[in-house]
Amino acid sequence: MFDFDLFVIGAGSGGVRTARMSARYGARVAIAEDRYMGGTCVNVGCVPKKLYSYASHFRYDCTDSKGFGWQGSVPAFDWNVLRDNKTAEISRLNGIYDTLLDGSGVTLYNGRARLLDKHMVEIGDKKVSSEKILIATGGWPFVPEFPGSELAVTSNEIFDLPSFPERILVVGGGYIALEFAGIFAGLGADTSLSYRGEIPLKHFDKDLREKLYLESERHMTMLMKSNVEEITKKDNELHVKFKEGNSLVVDCVLYATGRKPNTENLGLENTGVSLQPNGAIAINEHFETTEPGIYALGDVVGRIALTPVAIAEGMVLASNLFKNKEKTMDYSNIATAVFSHPNVGTVGLGEEQAKAEYGDIEVFESDFRHLKHTLSGNPERTYMKLIVDKATDRVVGMHMMGADAGEIIQGLAVAMQCGVTKAQLDSTIGIHPTAAEEFVTMRQART
Ligand code: NDP
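Read on for an overview of the structure. Given the structure is predicted, the values throughout are model-derived calculations rather than measurements. (Residues numbered from 1 in each chain as written. Predicted model: local features only at pLDDT ≥ 70, side-chain atom pairs only at ≥ 80, totals over all residues. Heavy atoms only, no water.)

1. Quick word on the overall build of the protein chain
- Helix and strand counts for the protein chain stand at eleven helices and 21 strands.
- In terms of overall size, the protein chain behaves like a compact globule, its C-alpha atoms giving a radius of gyration of 24 Å where 447 residues would be expected to give roughly 22 Å.
- In terms of overall dimensions, the protein chain has C-alpha extents of about 70 × 65 × 40 Å along its principal axes.
- Sequence separation of 24 or more characterises 64% of the internal contacts of the protein chain that already satisfy a separation of 6 or more.
- For the protein chain, the exposed area adds up to about 20,700 Å²; of that, 52% sits on carbon and sulfur atoms. (Helix = DSSP H or I, 4+ residues; strand = E, 2+ residues; numbered from the N terminus. Rg over C-alpha atoms; globule rule 2.2 N^0.38 Å. Contact = heavy atoms within 4.5 Å. Areas by Shrake-Rupley, 256 points an atom, 1.4 Å probe, with all protein chains shown as cover.)

2. Some points on the pattern of salt bridges
- Under the counting rule described, the total for this entry stands at 28 salt bridges.
- Linking glutamate 351 and lysine 355 is a salt bridge whose minimum nitrogen-to-oxygen distance equals 3.7 Å. With glutamate 351 and lysine 355 both in helix H8 (residues 351-358), this residue pair falls four residues apart, about one helical turn.
- When its relative accessible area of 9% is taken as the criterion, glutamate 351 is described as buried.
- Taking relative accessible area as the criterion, lysine 355 reaches 46% and is therefore assigned partly exposed.
- One network of salt bridges, with partners in common, ties together Asp205, Asp207, Glu351, Lys355, Glu365, Lys385 and Arg446. (Salt bridge = Lys/Arg side-chain N within 4 Å of Asp/Glu carboxyl O. Buried < 20%, exposed > 50% of the residue type's maximum accessible area, 1.4 Å probe, protein only.)

3. A look at the site of the ligand
- In the region of the ligand, 19 residues are neighbours, and Ile176, Tyr195, Lys202, Ala305 and Ala337 sit closest.
- Here tyrosine 175 contributes a backbone N or O atom positioned 3.3 Å from an oxygen atom of the ligand.
- In the model, an oxygen atom of the ligand is placed 3.1 Å from a nitrogen or oxygen of the glycine 258 main chain.
- Here the shell around the ligand takes three residues from helix H5 (residues 175-187), the largest share from any one element.
- Classifying every residue of the shell around the ligand by side-chain character gives ten nonpolar, four polar and five charged. (Near = heavy atom within 4 Å. Polar contact = N/O pair within 3.5 Å; in protein donor to acceptor, adjacent residues only side chain to side chain. Nonpolar A, V, L, I, M, F, W, Y, C, P; charged D, E, K, R; others polar.)

4. Let's talk about a nonpolar patch on the surface
- Side chains of Phe68, Trp70 and Leu375 sit close together on the surface and give an oily, nonpolar patch of about 370 Å² of accessible area.
- Looking at the secondary structure, you find phenylalanine 68 in the loop between helix H3 (46-65) and helix H4 (79-104).
- With a relative accessible area of 42%, phenylalanine 68 lands in the partly exposed category. (Patch = residues over 30% accessible without salt bridge, like charges linked within 9 Å, V, L, I, M, F, W, Y side chains within 5 Å.)

5. Examining the sheet that holds strand E12 (residues 237-242)
- Strand order across the open sheet formed by three strands is E11-E12-E13, with antiparallel pairing between neighbours. Each of the sheet's edge strands pairs with one partner strand only, and the pair in question is strand E11 (228-234) and strand E13 (247-250). For this sheet the average axis-to-axis angle between neighbouring strands, irrespective of direction, equals 20°.
- Bridging between E11 and E12 involves six bridges; their strand directions are antiparallel. Bridging across to E12, threonine 232 finds its partner in histidine 239. (Pairing = 2+ DSSP bridges. Axes fitted to C-alpha atoms, helices over the stretch in contact; angles between N-to-C directions.)

6. A word on helix H7 (residues 307-322)
- With 16 residues, H7 should cover 22 Å at 1.5 Å per step; its first-to-last C-alpha distance of 22 Å lies within 8% of that length.
- Lining the buried residues of H7 we find strand E1 (4-9), helix H1 (13-24), strand E6 (126-135) and strand E16 (294-296).
- In the stretch just after H7, asparagine 324 is the one whose phi turns positive, near 55°. (Expected span 1.5 Å × (residues − 1).)

7. Examining the side chain of asparagine 343
- For asparagine 343, the position within the fold is in the loop between strand E17 (336-338) and strand E18 (344-348).
- According to the relative accessible area criterion, asparagine 343 is buried, its value standing at 9%.
- At a separation of 2.9 Å, a polar atom in the side chain of asparagine 343 contacts the main-chain carbonyl oxygen of serine 340.
- Those residues in contact with asparagine 343 that lie beyond four places of it in its chain are His57, Val338, Met400, Met401, Gly402, Asp404 and Ala405.

8. Concerning the packing of aromatic side chains
- Evaluated as defined, the whole model comprises 13 aromatic pairs.
- An angle of 70° between the planes, with centres 5.6 Å apart, marks the rings of phenylalanine 77 and phenylalanine 164 as edge-to-face. Of this pair, phenylalanine 77 sits in the loop between H3 and H4 while phenylalanine 164 is found in the loop between strand E7 (139-141) and strand E8 (167-171), placing the two residues 87 residues apart along the sequence.
- Note on phenylalanine 77: relative accessible area 33%, which makes it partly exposed.
- Seen in terms of ring centroids, tyrosine 175 and phenylalanine 204 are 5.7 Å apart; in terms of plane orientation they differ by 70°. Their pairing is edge-to-face. Here phenylalanine 204 lies in the loop between strand E9 (190-195) and helix H6 (206-217) and tyrosine 175 lies in helix H5, a separation of 29 residues in the sequence.
- A relative accessible area of 30% places tyrosine 175 in the partly exposed class.
- Looking at phenylalanine 204, the relative accessible area reads 11%, which means it is buried.
- Pairwise contacts between aromatic rings join Tyr52, Phe77, Trp79, Phe159, Phe164, Phe180 and Phe184 into one cluster. (Phe/Tyr/Trp six-rings, centres within 6.5 Å; stacked < 30°, edge-to-face > 60°.)

9. Observations concerning the packing of H3 against H4
- Between H3 and H4, whose axes approach to 10 Å, the crossing angle comes to 145°. For the pair H3 and H4, the sense of crossing is right-handed. Packed against H3, whose contacting residues are Val47, Pro48, Leu51, Tyr52 and Ala55, the element H4 presents Trp79, Leu82, Arg83, Lys86, Glu89, Ile90 and Leu93 at the interface.
- In terms of residue class, the contact of H3 with H4 is built from nine nonpolar, no polar and three charged. (Left-handed = near helix turned anticlockwise from the far one by under 90°.)

10. Considerations on the pairing of E6
- When you tally the buried positions in E6, you get seven out of ten residues, the bulk of the element.
- Pairing between E1 and E6: five bridges, direction parallel. Paired with leucine 6 across the strands is lysine 132, a residue of E6.
- Summarising the sheet, strand E5 (residues 120-123) and E6 pair through four bridges and their orientation is antiparallel. Paired with isoleucine 123 across the two strands is lysine 126, which belongs to E6.
- Taken together, E5 and the strand that follows it, E6, pair antiparallel across an intervening segment of two residues, in which glycine 124 is found at a positive phi of about 60°.
- As paired strands, E6 and E16 are joined by three bridges and run parallel to one another. Across the sheet, the residue bridging to leucine 134 is tyrosine 295, located in E16.

Right, here's the structure in full:
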């Protein structure tokens, strides 16, 4: 009766995984993409960001190596080489996504898909019907409106700047702001970070935020309680005026002030799909929108905007729709990392949240200089923190700032998911000498 069993709009992390899994379970699946295969993560998000983060760390590796006997000057950084190598790698990944979809038997439509009703989709001059539809269109950078806001770039453009900005202002205090401020500072730009609040990363553990703030101050100018009033362009320079009275002249202003669900021009008005007040598509626990048979997941539903979450949601949905195996999405203990300088990794609750939820908690922490930096002379600190529910001895939060925090926290997140207790961490033998062993050797609770 229908051309397809499932039509997916958006070939990002969530859409592609749902399409491939559904096809594997025997469904006839199509997917439409109007921009780039792999969505934000592959093209203007996680993947290129991590490559640029590696690039910026080499500066510190070079200077750190001197104390280990490596003499000579730090090599010069060439933005064009990084940008063009990144672009080539992303093209390779785009091709892999194409191949994966093709190999799974998913039909790909290149173009913007618009819903004509709850079963009909229009892509350019083609019209196809599908029993079920999934909206996985992700998010889009949000820039508040103010005089000169059009002069700012977002994470969509920053990777492909025609030339390296020697002076950059990053606005925001979330993941993207901290990551890019760290990247550009590491690459050698004179970097300023402007945040409207007191300390960035509002939703993270307070101590972790403070430690990261202190480290960030060493690499960039931290403008806190700071609000941009106006940007004007004179010759090739951007003049930024702040509401607080100060001003700055830079080559580039990056706005990283959040992302909005991407729901425009999808034809939602032709269906019963409704939006939440924040613009995200409203769904129930089965990812079904207010229009039966139309589903949504990933950044467009405004839950947790992380690639692995969208992928996990896609696996659950595909299983529920086509494998007749009812699954639910578990949003507990989702580990996350900010690839700032240094990295931050976290799983579970921050101290304030843990106190509110459990009342009686114990906090264990360790703040030290990494063994590597005894010879490098780099003053960078490493910080680790464990939060334990006193009544059950269960660990309810683990936080780290330091090299490879994301890698370390990923392993510990497995333990958290298994309900690890402090006694079990204590009975774990550490690997020496590592930074991670601190997580199993913290004995004295903070008083
Ligand atoms: P975030 O939501 O993390 O942070 C947005 C920041 O912008 C906040 O500090 C917020 O301030 C500030 N802000 C919001 N509106 C305004 C405004 N009108 N004027 C000034 N400042 C404003 O968004 P990001 O854009 O950094 O990232 C979007 C999402 O993408 C993240 O939440 C995350 O889920 C995902 N992501 C994940 C990464 C990872 O896993 N490593 C990397 C990058 C992105 P306030 O704190 O006061 O609200």
